[in-house]
Amino acid sequence: MIITLILAWIVFAVLWKILKTTVKTALTIAAILVLLQIGFGITLQDILYQIIHLPDTLSQIRSGK
């Protein structure tokens, strides 16, 4: 019984740390997106477009050298 409680507490503690890290990361990304939108007029669609076309951009940079 005690071993089960200890194991449950360890699992809970690990999951809690993962949840906290995930929430912090999500809030950081959201803050960056809001700052880009307000400061530079860059929308989420602009960022997603650049991410999707990143392999093409990298191949163009490599072939240019």
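Residues numbered from 1 in each chain as written. Predicted model: local features only at pLDDT ≥ 70, side-chain atom pairs only at ≥ 80, totals over all residues. Heavy atoms only, no water.

1. Focus: the overall build of the chain
So, step 1. Within the chain one finds 3 helices and 0 strands.
So, step 2. For the chain, the α and β elements follow one another from N to C terminus as α-α-α.
So, step 3. Over its C-alpha atoms the chain spans a radius of gyration of 21 Å, topping by over 25% the 11 Å that the globule rule assigns to 65 residues.
So, step 4. Every one of the 65 residues in the chain was classed for burial, and the buried ones make up 0%.
So, step 5. In the form shown here, the chain has an accessible surface area of approximately 6,100 Å², with 76% of it arising from carbon and sulfur atoms. (Helix = DSSP H or I, 4+ residues; strand = E, 2+ residues; numbered from the N terminus. Rg over C-alpha atoms; globule rule 2.2 N^0.38 Å. Buried < 20%, exposed > 50% of the residue type's maximum accessible area, 1.4 Å probe, protein only. Areas by Shrake-Rupley, 256 points an atom, 1.4 Å probe, with all protein chains shown as cover.)

2. Some details on the packing of aromatic side chains
So, step 1. Within the structure shown, the criterion is met by 2 aromatic pairs.
So, step 2. Between Trp9 and Phe12, the ring centres sit 5.5 Å apart and the planes meet at 40°, which makes this aromatic pair tilted. Of this pair, Trp9 and Phe12 both sit in helix α1 (residues 2–40), 3 residues apart, roughly one helical turn.
So, step 3. For Phe12, a relative accessible area of 47% corresponds to the partly exposed category.
So, step 4. A centroid spacing of 6.4 Å and a plane angle of 20° characterise the contact between Phe12 and Trp16, whose relative ring orientation is stacked. Placement of both Phe12 and Trp16 in helix α1 is noted, with a separation of 4 residues, approximately one turn of the helix.
So, step 5. Its relative accessible area of 45% is what places Trp16 among the partly exposed residues.
So, step 6. Among the aromatic residues, ring-to-ring pairing joins Trp9, Phe12 and Trp16 into one connected group. (Phe/Tyr/Trp six-rings, centres within 6.5 Å; stacked < 30°, edge-to-face > 60°.)

3. Details of a nonpolar patch on the surface
So, step 1. On the surface, Ile2, Ile6, Leu7, Ile10, Val11, Val14, Leu15 and Ile18 cluster together to form a nonpolar patch covering roughly 770 Å² of accessible area.
So, step 2. Examined against the element boundaries, Ile10 turns out to sit in helix α1.
So, step 3. Relative accessible area serves as the criterion here: at 45%, Ile10 is assigned to the partly exposed category. (Patch = residues over 30% accessible without salt bridge, like charges linked within 9 Å, V, L, I, M, F, W, Y side chains within 5 Å. Salt bridge = Lys/Arg side-chain N within 4 Å of Asp/Glu carboxyl O.)

4. Some thoughts on the confidence of the model for the chain
So, step 1. When pLDDT is averaged along the chain, the result is 93; 98% of the residues meet or exceed 70.
So, step 2. No element of the chain has a lower mean pLDDT than helix α3 (residues 54–64), which averages 88, and none a higher one than α1, which averages 96. (pLDDT = per-residue confidence, 0-100.)

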